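Listed here are the chains, written in short residue letters.
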Amino acid sequence: MNTMTKPSTLTKKTFALVGTGGRSPIFLDPIAGLYRDSCQLVGLCDTSPTRRRFHQQRLSQEYQIGPVPDYGDFDLMLRETRPEVVMVCTPDYLHHEFIVKSLESGADVISEKPLTIDAGKCRQIFEAVQKSGRKVRTIFNMRWSPGVGKVRELIAGGAIGRVRHINFEYMLNTSHGADYFRRWHSRKEFSGGLLLHKATHHFDLLNWWMNAIPSTVSALGDLVFYGKKNALARGDAPLTKYPRYTGVAEAENDPFRLDLGADPTMRALYQNAEADSGYIRDQNVFREDIDIEDSMSLLIKYRTGEMVSYSLNAYCPEEGFRAAISGDKGRIVYTEKHGSHIITGASKIIHGDEEATVHLQLQKHFSEPCLVDVPKAEGGHGGGDPLIQEQMFSPHPPADPLKRSAGHEQGAASLLIGAAGNLSMITGQPVSLDDLLPLPPQATQLTDLV
Ligand SMILES: NC(=O)c1ccc[n+]([C@@H]2O[C@H](COP(=O)([O-])OP(=O)(O)OC[C@H]3O[C@@H](n4cnc5c(N)ncnc54)[C@H](O)[C@@H]3O)[C@@H](O)[C@H]2O)c1
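Please read all numbers here as calculations on a predicted model, not as lab measurements. (Residues numbered from 1 in each chain as written. Predicted model: local features only at pLDDT ≥ 70, side-chain atom pairs only at ≥ 80, totals over all residues. Heavy atoms only, no water.)

Trainee: Quick one: what's the story with the overall build of the protein, residue by residue and with numbers?
Mentor: Counting secondary structure elements, the protein contains 16 helices and 15 strands. On C-alpha atoms alone, the protein measures out to a radius of gyration of 22 Å, which is about the 22 Å that the 2.2 N^0.38 rule sets for 450 residues. Oriented by its inertia axes, the alpha-carbon framework of the protein measures out at about 65 × 60 × 45 Å. Considering the protein as a whole, with its 450 residues, one finds that 58% of them fall into the buried category. Accessible area for the protein stands at about 19100 Å²; split by element, carbon and sulfur atoms hold 51% of it. The protein carries 49 positive and 54 negative side-chain charges, and their two centres are separated by 3 Å. (Helix = DSSP H or I, 4+ residues; strand = E, 2+ residues; numbered from the N terminus. Rg over C-alpha atoms; globule rule 2.2 N^0.38 Å. Buried < 20%, exposed > 50% of the residue type's maximum accessible area, 1.4 Å probe, protein only. Areas by Shrake-Rupley, 256 points an atom, 1.4 Å probe, with all protein chains shown as cover. Lys, Arg positive; Asp, Glu negative; His and termini not counted. Charge placed at Lys NZ, Arg CZ, Asp CG, Glu CD.)

Trainee: I'd like a rundown of the sheet that holds strand β3 (residues 70-71), residues and numbers included.
Mentor: Pairing in this open sheet of 6 strands is parallel, and the strands run β3-β2-β1-β4-β5-β6 from one edge to the other. The outermost strands of the open sheet, each flanked by one partner alone, are β3 and β6 (136-139). Alignment of strand β4 (residues 85-88) against strand β5 (residues 108-112), held across 4 bridges, turns out to be parallel. Looking at β5, one finds that Met-87 is bridged to Ile-110. Sitting on the sheet, helix α14 (residues 384-393) touches β1 (13-18), β2 (39-45), β4, β5 and β6, and the angle it makes with β6 is about 170°. (Pairing = 2+ DSSP bridges. Contact = heavy atoms within 4.5 Å. Axes fitted to C-alpha atoms, helices over the stretch in contact; angles between N-to-C directions.)

Trainee: Kindly report on the packing of aromatic side chains, identifying the contributing residues and their values.
Mentor: Applying the stated rule across the entire model yields 21 aromatic pairs. Seen from their ring centres, Phe-225 and Phe-256 are 6.0 Å apart, and the 55° between their planes marks the pair as tilted. Remark: Phe-256 occurs in the loop between α11 (228-233) and α12 (264-269) and Phe-225 occurs in the loop between β8 (214-222) and α11; sequence separation between them is 31 residues. For the pair formed by Phe-225 and Phe-256, the shared burial category is buried. Centroid distance Tyr-270 to Tyr-279: 5.5 Å. Interplanar angle 75°. Geometry classified as edge-to-face. Overall, the relative accessible area of 18% leaves Tyr-279 in the buried class. Site record: aromatic cluster; members linked through ring pairs are Phe-168, Tyr-170, Phe-203, Trp-209, Tyr-310, Phe-321 and Tyr-334. Directly above the aromatic system of Phe-225 lies the positively charged group of Arg-234, at a separation of 4.1 Å from the ring centroid. Over the ring of Tyr-270 we find Arg-281, and its NZ or CZ is 5.2 Å from the ring centre. (Phe/Tyr/Trp six-rings, centres within 6.5 Å; stacked < 30°, edge-to-face > 60°. Lys NZ or Arg CZ within 6 Å of the ring centre and 35° of its normal.)

Trainee: Just give me the short version of the site of the ligand, but keep the residues and values in it.
Mentor: Close to the ligand lie 27 residues; Asp-46, Arg-51, Asn-141, Tyr-270 and Tyr-279 are nearest. For the ligand, an oxygen atom lies 2.6 Å from a polar atom in the side chain of Asp-46. In the environment of the ligand, an oxygen atom lies 3.4 Å from a nitrogen or oxygen atom belonging to the side chain of His-201. (Near = heavy atom within 4 Å. Polar contact = N/O pair within 3.5 Å; in protein donor to acceptor, adjacent residues only side chain to side chain.)

Trainee: Residue-level account of helix α2 (residues 49-63), with values.
Mentor: Under the 1.5 Å per step criterion, the end-to-end length of α2 is 20 Å for 15 residues, consistent within 8% with the ideal 21 Å. What α2 keeps buried is the set Thr-50, Arg-51, Arg-52, Phe-54, His-55, Gln-56, Arg-58, Leu-59 and Tyr-63. Looking at the residues trailing α2, positive phi occurs at Gln-64, about 55°. (Expected span 1.5 Å × (residues − 1).)

Trainee: So what's going on with the confidence of the model for the protein? Residues and values would help.
Mentor: For the protein, per-residue confidence averages 93 on the pLDDT scale, and 94% of positions sit at 70 or higher. In the model, residues 1-8 has pLDDT below 50 throughout and makes 10 contacts with residues more than four positions away in sequence or in other chains. Contacts for the low-pLDDT stretch residues 342-356, under 50 throughout, to residues beyond four places or in other chains number 35 contacts. (pLDDT = per-residue confidence, 0-100.)

Trainee: Talk me through the state of the cysteines; I want residue IDs and the actual numbers.
Mentor: Counted under the stated rule, the structure contains 0 disulfides. With no disulfide of its own, Cys-45 has Cys-89 as its nearest cysteine by sulfur position, at a separation of 12 Å. The thiol sulfur of Cys-122 is not disulfide-bonded, and the nearest other cysteine sulfur, from Cys-89, lies at 19 Å. Classification of Cys-122 as buried rests on a relative accessible area of 0%. (Disulfide = S-S within 2.5 Å.)

Trainee: Can you break down helix α15 (residues 408-427) residue by residue, with the values?
Mentor: With 20 residues, α15 should reach 28 Å at 1.5 Å per residue; the first-to-last C-alpha distance of 28 Å fits that figure. Considering bend angle alone, the principal kink of α15 is centred on Leu-415 and spans about 25°. Of all the 20 residues making up α15, 17 are buried; the element is thus mostly covered by neighbouring parts of the structure. Once α15 ends, the next one or two residues include Gly-428, with phi positive near 75°. (Bend = angle between axes of the 7 residues up to and from the residue.)

This is the structure we're talking about:
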């Protein structure tokens, strides 16, 4: 599209963003580009001036907009720019702070997943929503990819009767999976661990597919591959010798190496910002201070009786997932094999014969299995990103018959599974979600929740 078109005279909806890291283009670019006639970016906030500058330059060069007022102080940005919508894209442990402040200022919020990382922080968000009457949208982009949408359609259409059980296995590989162990995600206090940071997508998918509300969780988890102790036990002591990878000659042949200098975006966004942020993006995945799990198993029970058996392993040779969904009239087996990604937004699900990676099989009781076509889609996260962007930024978003938009309660229904899992891993006992933070007691379906 021609980004030099004359500005429209329509009143534009105003947006501000906090957290200008790797994920932020997913919000910034559609506002600056495709939806510029109806949306306006009024503020950018990040504690790193280098990262703010990186996006200012990019937005100016690619979309001829700006400079956008930018801030190191979120409160000041809120006061000066009074945005209608705040987009929260910081590390996960900070989401609740920015969500609550934004709601209190009278803004609606679009928050990256997970909505937050524990029940206490989630309660603060619930209270702020209630007091302010404003709205929070949780970004569950995985709901928007065509394959998982087809599964939801089949289930909702009764193709396998009532779903009783799902077996869900997620694999992260030694590239993308390893990346969570290089930076803030590797500390529970910042990410809540992968049961929050990563599995929130998967738990949401399960809730949404079954249109059900989780009630009880039992979990096991451990750090079995990454971390210094595990490398030493495997005889991989040489891989533990340096604190980070970039610029380290010894790390040249390390298969877990990430060279920030080799990629212009990584260099500009992270390496050049080390001096002003102290954020080291390429720490050794076999260092001592990692306290999240890389291997996890959960059993989940739902209010309406459905059961899930879930696993996540972050050190696999391949990446993707497999869901076997058993209903009382048949079964669906859905698999995706993913291309690896490190820079967010670059993830793609590859369709086609050579790397045919989306596979949907339906088998009704007493019938042969059949393959179901999955429409192809362009764009990040399996084609989910452009669709969710349209919902967020288009002045007239298309109807959402699969009910893929999620508010704060549906965000909570997913994160509370992870929070309950974290607790269960410590106590060895099943955890009731209602003991953490009660969701509306009369609700029986996910769609009863906002
Ligand atoms: N939906 C998805 O598929 C998806 C994919 C990747 C990331 N995410 C989410 O997006 C969010 C950001 O992830 P990322 O990969 O961009 O992380 P990142 O580390 O690249 O960026 C985080 C940014 O937040 C900034 N920041 C930290 N503390 C701040 C503060 N107090 N005030 C203002 N800014 C602060 C950092 O300087 C950094 O620029 C996370 O919540 C993550 O879970 C979602």
